[in-house]
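Understanding the architecture of this molecule
In case you want the letters, here they are:
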Amino acid sequence: MTQKKQTSCADAFEADAISVNDAREIITQKITPITKSEKLDLRSCLGRYLAEDIHSPIDVPSHTNSAMDGYAISGDDLPTQSSQSYAVCGTAYAGKPSTNIHKAGHVTRIMTGAVMPKTTDTVIMQEQVEIMGDENVLIKPEHRKGQNVRQAGEDIAKGCLVLSKGRKITPADLGILSSLGLGELKVTIRPRIAFFSTGDELRSVGETLKEGEIYDSNRYTLFGMLKQLDVDITDMGVIRDTQEAIHEAFVKASKIADIVITSGGVSVGDADYIKPTLKALGDTHFWKIAMKPGRPLTFGTLNTSTTAASHASFFGLPGNPVAVMVTFLQFLDPAIHYLASGQTKKPLTLQAVSADDIPKRAGRTEYQRGIFEQTPDGTITVRRTGKQGSGILTSMSIANCFIVLSTESKDISSGDTVRIQPFIGII
Ligand code: AMP
Ligand code: MG
C-alpha cells in the first residue's frame with residue numbers, strides 16, 4: 001500500500017471546502033432530470049412527478065349551480081322595499097335534468113348542486129324564507145343578485161393550465177384531476193437509487209458482532225428516507241474496504257441506478273477507497289463541504305456507460321450516522337427531487353429563539369439537532385438535544401429539527417434568534 005499524505009480532518013477553515021449553497025448548485029448543474037415517462041392510472045400517480053402540463057378539458061363546475069338548498073330566483077325579481085310572496089313553480093335536484101320551466105316573478109325550489117334553471121341567477125337559503133302554505137314563500141328585501149350560486153368554470157375554466165410539468169402530485173391534485181375526468185396521466189419514471197455501506201467493521205442485522213465490529217445503521221436510515229421519496233431502491237449491502245470490492249460495486253451500481261449512494265470511506269484514512277475509485281471511473285465535482293457534520297462528502301459522476309445521458313451521479317456520504325442523515329436531507333433529497341422533476345428545492349427554515357447557549361465556530365454551516373416548541377403566544381423556541389457528536393444517532397431520533405447555524409455565525413447566546421429546519425416530509 002502506498003503511503004497517503006497525512007491530511008488533517010480537524011481544520012474547518014480549509015480553502016478547498018465549498019459552501020453548502022455552492023454544493024447544492026453544483027449538484028443541480030451536474031444532474032440531468034429524467035425525461036422518460038410512463039402512463040399510470042390516476043391513483044398510482046400520487047407522489048409522482050407530472051411529465052406533461054395539464055390543461056383542463058372542461059369547466060369545473062361544468063354548469064352554473066346552486067351552492068345552497070333553497071329557492072332560485074331571477075335577481076331582477078328580488079324584493080327591494082318590503083317582503084314579498086312568491087309562488088313556487090317547480091323543483092330542481094342535483095344531478096337530474098330540470099323538468100320545469102322557471103317562470104318570471106316565481107321561485108323554483110332548488111337543492112345544492114342542482115343546475116340553475118334558465119333565467120334564474122340567485123338563490124335564497126331555505127332558512128331565510130318564510131313558508132306560506134304549500135306553494136308560496138315570503139322573501140325579505142335583504143338579498144343580493146347572484147348570491148349562493150357557483151358559476152360554471154369558477155374553480156377551473158376549460159383550457160386553463162391546471163398543473164405544470166414537474167409537479168409532484170398531492171392528494172388535492174388527485175381530487176382536481178379526477179374532477180377533470182382524467183383517469184390516466186403521464187409521469188416521469190421513478191428515479192433508481194442504489195446504495196451500499198463500506199467498512200470492514202460493519203456487520204448486518206442478524207450477524208454476531210466480534211470485537212471492534214458494529215452493526216451497520218446507515219443502510220437502514222438511508223432506506224427509511226428513500227422509502228418516503230417513492231424511488232426504486234436497490235440495497236447492495238455492506239462492501240469490504242478493498243479497492244477491488246469497491247471498484248466492482250461502483251460498476252454494478254452505476255449500471256442499475258441514476259444515483260449511487262455510499263456511506264463511509266470518504267475521509268483521509270488508509271482504508272478510504274471511495275475517492276480513488278471515483279477518480280478511476282468518473283469525475284469528482286467536489287469532495288469537501290464547509291459544514292458540520294457532513295464535511296467529507298464526495299459528489300461526482302460515474303462514466304461507466306457509453307452514453308452520457310445514462311451516467312449515474314455519485315454521492316459518497318461520510319460514515320458517521322448523523323452525517324449520513326444530515327447530508328441526505330441537505331443534498332440528496334433536493335437532488336432526487338431535481339432528478340425526478342427538473343425543479344430545485346431547498347429545505348424550509350423558520351426563525352426560532354434559542355433557549356441554549358450554543359458554541360459555534362465561524363467558517364462552516366452547522367446542523368445541530370434541536371427540539372422546537374411553540375409557546376402559547378406563537379413564538380417558536382428551540383433547545384439542543386444534548387450531545388452533538390456525529391456518531392450520536394439518538395440525537396436524530398429525539399430531535400424534531402436542525403438548528404442551522406450559518407457559515408458567518410459565531411457563538412449563540414440564549415435568547416438569540418436562530419434558524420431551524422423542521423423535520424417535515426421525509427423524517
Ligand atoms: P469512515 O468514514 O468510513 O471512517 O467512518 C466514520 C465512522 O462512521 C466510523 O466510526 C465508522 O465505524 C462509522 N460508520 C461507517 N459506516 C457506518 C455504518 N454503515 N453504520 C454505522 N456506522 C458507520
Ligand atoms: Mg470506513
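Preceding block: the structure.
So, here is what we can say about the structure in this document. The residue count restarts for each chain, going from 1 along the sequence in the order it is written. Labels are handed out in written order, letters beginning with A for the chains and numbers beginning with 1 for the ligands. Side-chain atom pairs in this predicted model are given and counted only at pLDDT of 80 or more, local residue features only at pLDDT of at least 70, and totals for whole chains, interfaces and linings cover all residues. For the side-chain quantities, the full set of heavy atoms in the structure was used; hydrogens and water were omitted.

1. Regarding the packing of helix α1 (residues 20–30) against helix α6 (residues 321–341)
For clarity, the threshold we go by: With axes taken as lines fitted to C-alpha atoms, and helix axes fitted only over the stretch in contact, angles between N-to-C directions fall between 0 and 180 degrees. Helix numbering and strand numbering both begin at the N terminus, where a helix is a DSSP run of H or I of at least 4 residues and a strand a DSSP run of E of at least 2. What sets the label is the angle itself: under 35 degrees gives roughly parallel, over 145 gives roughly antiparallel, 65 to 115 gives roughly perpendicular, and the rest give oblique. Two helices crossing with the near one rotated counterclockwise from the far one by less than a right angle form a left-handed crossing, whereas a clockwise rotation gives a right-handed crossing. The contact criterion used is simple: two residues touch if any of their non-hydrogen atoms lie within 4.5 Å. By the convention adopted, Pro, Cys, Tyr, Trp, Phe, Met, Ile, Leu, Val and Ala count as nonpolar, Lys, Arg, Asp and Glu as charged, and the other residues, Gly among them, as polar.
Where α1 meets α6, the axes come as close as 10 Å, and the angle between the chain directions of the two elements is 25 degrees. By the angle between their directions, the pair α1 and α6 is classed as roughly parallel. In terms of crossing hand, the pair formed by α1 and α6 is right-handed. On α6, the residues touching V20, A23, R24, I27 and T28 of α1 are Q330, F331, A335 and Y338. In the contact of α1 with α6, the residues fall into six nonpolar, two polar and one charged.

2. Describing the side chain of R364
To be explicit about the condition: Any N or O atom pair separated by 3.5 Å or less is treated as a polar contact, with the protein-specific requirement of one donor-capable and one acceptor-capable atom, and with residues adjacent in sequence counted only for side-chain atom pairs.
Structurally, R364 is set in the loop between β22 (350–354) and β23 (365–374). Side chain to side chain, R364 and E366 meet in a polar contact 3.0 Å long.

3. Quick look at the environment of I427
Structurally, I427 can be placed in the segment after β26 (417–422). Taking the C-alpha atoms as reference points, I427 and E184, separated by 243 residues in sequence, lie 30 Å from one another. If we ignore the near neighbours within four places in the chain, the residues touching I427 are M225, M325, L329 and M396.

4. Digging into the packing of helix α3 (residues 218–227) against α6
In the contact formed by α3 and α6, the axes pass within 10 Å of each other and the chain directions differ by 30 degrees. Classified by the angle between their axes, α3 and α6 sit roughly parallel to one another. Both α3 and α6 take part in a crossing whose hand is right-handed. Residue-level contacts link N218, T221, L222, M225 and L226 of α3 to P321, V324, M325, F328, L329 and I336 of α6.

5. A word on the sheet that holds strand β5 (residues 84–92)
The condition that has to hold: Following DSSP output, two strands are said to pair if at least two bridges run between them.
Reading across the sheet, the six strands line up as β7-β4-β6-β5-β9-β8 and stay open at both edges, with mixed pairing between neighbours. Two strands lie at the open edges of the sheet, namely β7 (122–125) and β8 (129–132), each paired on one side alone. Neighbour-to-neighbour, the strand axes of this sheet turn through a mean angle of 40 degrees, independent of strand direction. Of the strand pairs in this sheet, β8 and strand β9 (residues 136–139) are connected by four bridges, and their pairing is antiparallel. Looking across to β9, one finds that V129 is bridged to I139.

6. Let's talk about the site of ligand 1
We apply this condition: Whether a residue is near a molecule or strand depends on its heavy atoms: it is near if one of them lies within 4 Å of it. Note on areas: Shrake-Rupley with a 1.4 Å probe; residue coverage comes only from the protein chains shown.
Every one of the 15 residues lining ligand 1 counts as a neighbour, but E201, D216, S217, N218 and G265 are closest to it. N218 places a side-chain nitrogen or oxygen 3.2 Å from a nitrogen atom of ligand 1. G319 places a polar main-chain atom, nitrogen or oxygen, 3.3 Å from a nitrogen atom of ligand 1. Burial of ligand 1 by the surrounding chains reaches 76%, relative to a free accessible area of 480 Å². Class assignment for the residues of the shell around ligand 1 results in four nonpolar, nine polar and two charged.

7. Concerning the packing of aromatic side chains
Note the threshold: Stacked, edge-to-face and tilted labels apply to pairs of Phe, Tyr and Trp rings (six-membered ring for Trp) whose centres lie within 6.5 Å, assigned for plane angles under 30 degrees, over 60, and everything in between, in that order.
For the structure shown, the criterion picks out six aromatic pairs. With a centroid separation of 5.4 Å and 40 degrees between ring planes, the pair formed by F286 and F299 is classed as tilted. Of this pair, F286 sits in strand β18 (residues 282–286) while F299 sits in strand β20 (residues 298–302), placing them 13 residues apart in sequence. Note on F299 and F315: the rings are 4.8 Å apart at their centroids and 45 degrees apart in plane angle, and the pair reads as tilted.

8. Quick notes on the sheet that holds β20
One open sheet holds the six strands; their spatial order is β16-β13-β17-β21-β20-β18, and the pairing between them is mixed. Single-partner strands in this sheet number two, and they are β16 (232–239) and β18. Each neighbouring strand pair of the sheet contributes to a mean axis angle of 20 degrees, computed without reference to strand direction. As judged from the six bridges shared by strand β13 (residues 192–198) and β16, these two strands associate in the parallel manner. Within β16, the position partnered with F195 by the bridge is D235. Packed on one face of the sheet, helix α4 (residues 243–256) meets β13, β16, β17 (259–263), β20 and β21 (312–317) and runs near 165 degrees to β13. Where helix α5 (residues 274–281) meets the sheet, its contacts fall on β13, β17, β18, β20 and β21, and the angle it forms with β20 comes to roughly 30 degrees.

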